[in-house]
Amino acid sequence: MSDGQSPEIDALRHDIARLTGRIYALEQVVERLVALPYADPLVAPPPVTAPPVTATQPPDPAFASTPIPPLPPRPVVPRPQPRMMAPAKPPRPPIEWGKLVEQLFTARTLAWAGGVATALGVVLLFVMAASRGWVTAPMRVGLGTFVSLVMLGVALELDRRKWRADAILSAAGVGIAGLYATLWAAASLYDFVSAVPASALAAVIAALAVAVAIRLRQEPLAVFGIAAAMLAPVLVSQEITAYGVLYSSLMLAAAMPLYARFGWRLLVSAAWLVGFGEAIGLLVHSRNDTGFGAPVVAIMVITVLFVGLLYLIELMPAERARVSSLGWAVASSSFTLSLGGVALYADTRHVHGHSLAGFALVGLTVAWALCAALPPALRRSHPDLTDVLAAFSLTVAAAATGMLVGGSALACTWAAQSAMLVAAAERIGRRSGLRQRRITIAAGVYLTLATISGILIVVPTDAHLHRLGDGSWRGSVALGVITLAGVAYCYGTRWVGHRVRVAAWALPALALGYLPLWALPAEWSVVALSALAATLLWYRRSPWIVGWLDDMAAIAIGSGWWLAAAAAALASAAPLDALTESEWTGVGERHGLIALAALTVAAGVAAWSLRRPRRDGLEYLLILPVATFAYLIAEALQPPYTMWAWLATAATLAAAVHSPALRRRLVAEPLLVASAGTLALGVVAAWNHDSSLRAVSNHGAIHGWPSIAIACGAAIVLASALLEPVRRSYALWLPYLLAAQLAAMLLPGQYPLVAIAALSAAVSITAITWPAVLRSRLTRLVMAEMAALSSVAIAALILIVYETPRMLFVSSNTPASGLAAAVAACCALFLAAAAARTRPGGAVWAIGRLRIAAALVYLAGAASLWTLAAAILGAEQLVARRELASSVHDHFQQGHVAVSISWVLVGLGLVIASLRGDRRSVRIGGIALLFVALAKLFLYDLAFLTAMARAVSFITTGSVLLVAALLLQRFAPQVKAALTEEPPEATPE
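Residues numbered from 1 in each chain as written. Predicted model: local features only at pLDDT ≥ 70, side-chain atom pairs only at ≥ 80, totals over all residues. Heavy atoms only, no water.

Colleague: Any details on the overall build of the protein? Residues and values, ideally.
Modeller: From N to C terminus, the protein includes 39 helices and four strands. Considering only residue pairs separated by 6 or more positions, the protein has 70% of its internal contacts joining residues 24 or more positions apart. For the protein, the accessible surface area stands at approximately 52,300 Å², while carbon and sulfur atoms represent 68% of it. (Helix = DSSP H or I, 4+ residues; strand = E, 2+ residues; numbered from the N terminus. Contact = heavy atoms within 4.5 Å. Areas by Shrake-Rupley, 256 points an atom, 1.4 Å probe, with all protein chains shown as cover.)

Colleague: Describe the packing of aromatic side chains, with residues and values.
Modeller: Tallied over the full model, the rule gives six aromatic pairs. Between tryptophan 272 and phenylalanine 276 the ring centres are 6.1 Å apart and the planes differ by 10°, which places this aromatic pair in the stacked class. Residue tryptophan 272 and its partner phenylalanine 276 are both found in helix 10 (residues 265–285); the two are separated by four residues, about one turn of the helix. Note on tryptophan 272: relative accessible area 13%, which makes it buried. An angle of 75° between the planes, with centres 5.7 Å apart, marks the rings of tryptophan 733 and tyrosine 736 as edge-to-face. (Phe/Tyr/Trp six-rings, centres within 6.5 Å; stacked < 30°, edge-to-face > 60°. Buried < 20%, exposed > 50% of the residue type's maximum accessible area, 1.4 Å probe, protein only.)

Colleague: Tell me about the side chain of serine 707, and name the residues and values.
Modeller: Looking at the element boundaries, serine 707 is found in helix 27 (residues 705–721). Classification of serine 707 as buried rests on a relative accessible area of 2%. Those residues in contact with serine 707, other than ones at most four positions away along the chain, are Pro640, Trp644, Leu647, Ala686 and Asp690.

Colleague: Pulling in residues and values, what's your account of helix 30 (residues 751–769)?
Modeller: Because each turn of an α-helix spans 3.6 residues, side chains separated by three or four positions in sequence point in the same direction. When the terminal C-alpha atoms of helix 30 are compared, their 26 Å separation across 19 residues agrees well with the 27 Å that a helix rising 1.5 Å per residue should span. The complete set of buried residues in helix 30 reads Pro752, Leu753, Ile756, Ala757, Ser760, Ala761, Val763, Ser764 and Ala767. Buried residues belonging to helix 30 abut helix 29 (733–746), helix 32 (780–802) and helix 34 (819–836). (Expected span 1.5 Å × (residues − 1).)

Colleague: So what about the packing of helix 16 (residues 433–458) against helix 19 (residues 506–519)? Which residues, and what values?
Modeller: Contact pair helix 16 / helix 19: the axes reach a minimum separation of 12 Å and the direction vectors enclose 20°. One way to sum up the angle between helix 16 and helix 19 is to call them roughly parallel. At the point where helix 16 passes helix 19, the crossing takes the left-handed sense. For the pair helix 16 and helix 19, contact is made by Leu447, Thr451, Ile457 and Val458 and by Leu507, Tyr514 and Trp518, respectively. Split into classes, the residues belonging to the contact of helix 16 with helix 19 amount to six nonpolar, one polar and no charged. (Axes fitted to C-alpha atoms, helices over the stretch in contact; angles between N-to-C directions. Parallel < 35°, antiparallel > 145°, perpendicular 65-115°, else oblique. Left-handed = near helix turned anticlockwise from the far one by under 90°. Nonpolar A, V, L, I, M, F, W, Y, C, P; charged D, E, K, R; others polar.)

Colleague: Give a description of a nonpolar patch on the surface that names residues and reports values.
Modeller: On the surface, a cluster of nonpolar side chains totalling about 460 Å² of accessible area is made up of Ile702, Trp705, Leu746, Leu747 and Tyr751. Positionally, leucine 747 belongs in the loop between helix 29 and helix 30. (Patch = residues over 30% accessible without salt bridge, like charges linked within 9 Å, V, L, I, M, F, W, Y side chains within 5 Å. Salt bridge = Lys/Arg side-chain N within 4 Å of Asp/Glu carboxyl O.)

Colleague: For the confidence of the model for the protein, give the residues involved together with the corresponding values.
Modeller: Low-pLDDT stretches of the model should not have their predicted coordinates read in fine detail. Mean pLDDT over the protein works out to 74, with 66% of the residues at or above the 70 mark. Note on residues 74–86: pLDDT is under 50 here. Beyond four places in sequence and across chains, it has 10 contacts. Per-residue pLDDT stays below 50 along residues 978–989; that stretch engages in 15 contacts with residues further than four places along the chain or on separate chains. (pLDDT = per-residue confidence, 0-100.)

Colleague: Describe helix 20 (residues 522–539), and please don't skip the residues or the numbers.
Modeller: For helix 20, which comprises 18 residues, the first-to-last C-alpha distance of 26 Å matches the rise-based estimate of 26 Å (1.5 Å per residue) to within 8%. For helix 20, the complete set of buried residues consists of Ala522, Ser525, Val526, Val527, Ala528, Leu529, Ser530, Ala533, Ala534, Leu536 and Leu537.

Colleague: Help me get a handle on the environment of leucine 753, residues and values and all.
Modeller: With respect to the secondary-structure elements, leucine 753 resides in helix 30. A C-alpha to C-alpha distance of 8.5 Å links leucine 753 and leucine 797, two positions 44 residues apart in sequence. Sequence-distant contacts of leucine 753, defined by excluding residues within four places in its chain, comprise Ile794, Leu797, Ile798, Tyr802 and Ala821.

Colleague: Outline the pattern of salt bridges, listing residues and values.
Modeller: Summed over the entire model, instances satisfying the criterion amount to three salt bridges. Residues arginine 727 and glutamate 669 are paired through a salt bridge, measuring 3.3 Å at the closest nitrogen-oxygen approach. Within this pair, whereas arginine 727 is found in helix 28 (residues 725–731), its partner glutamate 669 is found in helix 26 (residues 668–690), the two being separated by 58 residues in sequence.

Colleague: Any chance you could break down the nonpolar core for me, citing the residues and the numbers?
Modeller: Among the nonpolar cores identified, the biggest contains 74 residues, and Val526 and Trp562 are the most heavily contacted of them. Sort the elements by how many residues they give to this core and helix 21 (residues 551–573) lands first, with 11 residues. With sequence-adjacent residues up to four places away left out, tryptophan 562 is seen in contact with Ala533, Leu599, Ala602, Ala603, Leu624 and Thr628. Ala271, Leu361, Cys371 and Val388 belong to the second-largest nonpolar core, a separate cluster that totals 48 residues. (Core = buried A, V, L, I, M, F, W, Y, C linked by side-chain atoms within 4.5 Å.)

Colleague: Tell me about the state of the cysteines, and please be specific about residues and values.
Modeller: On inspection of all chains with the given rule, the structure shows zero disulfides. The cysteine cysteine 827 is free of any disulfide, with cysteine 826 supplying the nearest cysteine sulfur at 6.8 Å. For cysteine 827, a relative accessible area of 43% puts it in the partly exposed group. (Disulfide = S-S within 2.5 Å.)

Colleague: Now, about the packing of helix 27 against helix 29: what can you tell me, with residues and values included?
Modeller: The geometry of helix 27 relative to helix 29 is characterised by a closest axis approach of 9 Å and an angle of 160° between their N-to-C directions. As far as their axial angle goes, helix 29 and helix 27 are roughly antiparallel. Seen along the crossing, helix 27 lies across helix 29 with a hand that is left-handed. Residue-level contacts link Trp705, Ile708, Ala709, Ala711, Cys712, Ala715 and Ile716 of helix 27 to Leu734, Pro735, Leu738, Ala739, Gln741, Leu742, Met745 and Leu746 of helix 29. Among the residues making up the contact of helix 27 with helix 29, the classes are represented as 14 nonpolar, one polar and no charged.

Colleague: Report on unusual backbone geometry, specifying residues and quantitative values.
Modeller: Between proline 639 and the following residue, proline 640, the backbone shows a cis peptide bond with an omega angle of 0°. Checked against the element boundaries, proline 640 lands in the loop between helix 23 (623–636) and helix 24 (641–656). The phi angle at arginine 590 is positive, at roughly 60°, despite the residue not being glycine. Among the secondary structure elements, arginine 590 is positioned in the loop between helix 21 and helix 22 (593–609). On the accessibility criterion, arginine 590 (54% relative accessible area) is exposed. Its identity as a non-glycine residue notwithstanding, serine 691 has a phi of 55°, on the positive side. Here serine 691 is to be found in the loop between helix 26 and helix 27.

Colleague: I'd like a rundown of the environment of glycine 358, residues and numbers included.
Modeller: As for its position among the elements, glycine 358 is in helix 13 (residues 356–377). On the accessibility criterion, glycine 358 (0% relative accessible area) is buried. Put simply, glycine 358 and alanine 400 are 42 residues apart on the chain and 4.5 Å apart in space, counted from C-alpha to C-alpha.

Colleague: Can you lay out the environment of valine 487 for me, pointing to particular residues and giving the numbers?
Modeller: Note that valine 487 resides in helix 17 (residues 473–492). Judged by its relative accessible area of 28%, valine 487 is partly exposed. Through-space distance from the C-alpha of valine 487 to that of alanine 419 is 9.0 Å; in sequence the pair is 68 residues apart. Discounting residues that sit within four places of it in the chain, valine 487 has contacts with Trp505, Pro508 and Trp548.

Colleague: For the side chain of serine 334, give the residues involved together with the corresponding values.
Modeller: Position of serine 334 among the secondary structure elements: in helix 12 (residues 325–346). Accessibility expressed as a relative area gives 0% for serine 334, which makes it buried.

This is the structure we're talking about:
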């Protein structure tokens, strides 16, 4: 091979070097993508150059002439740091079962287990010895006593030697239990000892147990000894007796010094629990043995000891903030036992007509009051304990009052006690808010009792209240006193939350609201309730209102009183059912006029009062006085003056809107609503009383027309009171319809429709001329709508009632009975069409592609043709002899010939008129009318007319159609333009 290289080999080497550099660059990119956690695709990669090629031979000069740039050094990509992980939780240590067993089976556990096993062994030994006769009964008792004393001696010796206390306590407990078991066997099984010596021996054992417990300083041993001693009489005699309860009280008394000396709370808790249980059992067992005896003495003794224990528990500590849980238990049990003792002593016996239990409870009230006063007297202040004991005294006092005093006196007494407690709470509240709340709660309890007692007196039954005002004076006094006490309680609870304060006013409000119903006749009870409501609602707007009378409470109470007055008025004072009697006989009976007047005044005050502070919708309370005033009118006036007064009231309310001062104070919307409601009431009442709606079908029924005339005037005033022109314009429909009814009542036959058409025409003329005086008060578009709708409705009525198809196509002598109405309707339709064209800014009134003005014109034209037909047929009947049916029939057919000719002539005239200008719609109407006349010729004339009439009709109609055809051929381009909407071509001369 020569030293030189061909150009192809040089180029190949250059391509290999370039590809090797690209591969190397791709490797670098891949390494970076793998090493980096995130690469931004929007950042352009750095430029990559080809790496140098290492050759084993010296480079060819030709190849070296094309140097390859060196590659940049490979960047050092930092390795991503590992993500910081949360430290792992240390593993849970394994359960050491050996240590757990060691903790369970300690020396104390073994000691107690050994003691229980020993005691059970002694019991089993006694049972086995007794069943097999190994030892006699005295030997058994002696053996048990000996073993028990030995166990006690062992316990004392172990204590002297300073051995473990758990074993000592176990041995002592076994000894005490053995002594009690031996005593129970000697007394119950073998009758060696009677009940009294057994109790004495139990006391000795208890004393021994206490002594050992003191020596060993072990409270459980003392608890066991005292509790077992207290249960010994019950176990020996197998029943609960007064003697046993007295014996338990001695044990309880013995336990109290131990609590004072050593603070053994568990000891007194056990003694209290056993003593209370035995006392309750004694009450149940002796429930039939009433009177003063041993059970009553036992209950009294243990109750006194419980009170002493309560003082000991609560007054002995240096800090006395709250009553402890044990104190609460002892206090409640002592109160329960005191009431039980009174019930056991007095039962249902009476002394001089009064309950003996009531007198006993009076004494108990004094006792509890002295107990409440004892801590302050001893200068051992404990407010909570004092309040608890005072509450007991108040509760007992309430019960005593209930048993000694009956009827309204009981309610008054409880109410007075509630008021006195509120006064006391006010004085104490300066020093302690907590005690004030407690006393206030007690006052609420007394007030609740007074309320219940009052309800039992004034409940509305046949025995108490036959009708309103038949209540007794005792119930009135009770209601009055409960009301005063309720107000005082509301004053005392002014510091509580808003809702509770509002709810607290319910009681005095109900009591005071029920008082007039209880004490006064129906009418005067309504007056009294209305006066109460008006006074309270006026007071809430006065500057003298007190802060503790919540505004919502005042509103609720006043509204409730007014509603109660309204219910009483509608039910009794002015019965509502009297107004609904047949033929309006109940209207104007003058029932409850004073009550309704008071109710109206109260409703006016409510409407004024409840508007401040301003709330949405409350301005409509104006409807209340209007409604009650309308009811007053119904009771005061006879028909039709009742309806006239209602309508005048509606007009007056609507007229008030025109006064800026009244509109600002009363608001326009409520005035309009009240006016509309009163107007509706008057109109409906007039329709029902006079049956004036019959005039719609029977024109000329004029009975009651003054009411409708007044209603029409009131409706005009109401419409004028609407401030928005659009609403005012639409409201004119009401006087329009009432005027239509009035026309039907005053005019006979077809003339009411003539008058209504005249009204429609007047509306159309107004919309066409649109006077300046109406431009700011009404809306022109609405007036045009009224004209269009009313004129169409009149035309439809004429077509349905007067100029019906039957009258025009069936032979008769009255085909034009509604001619005047039809002419008036046509005029109204044409005027309505003109009014429909009066749109602002040249706008077109249309529904979809239908132009209303054009539709009205076509409708008016059709009505005119129909009217023309009726007029022609009617004119023919004027010359006919009505007594001859043949004459009527002949002239009727002649009239139809004239109708066909007239329709063709009118159509021809329309075509001719349309050709004298660009009147496309007129041209279309004329052509359409020609085809209608042609259809009538073939469909009616050919089928129903005689031969002569048919011939005349065809000849005349055909001649006119020929003339029309000549004209249409002469002006063919205009006709084509009319039918195809294309511009007409120039007509050749």
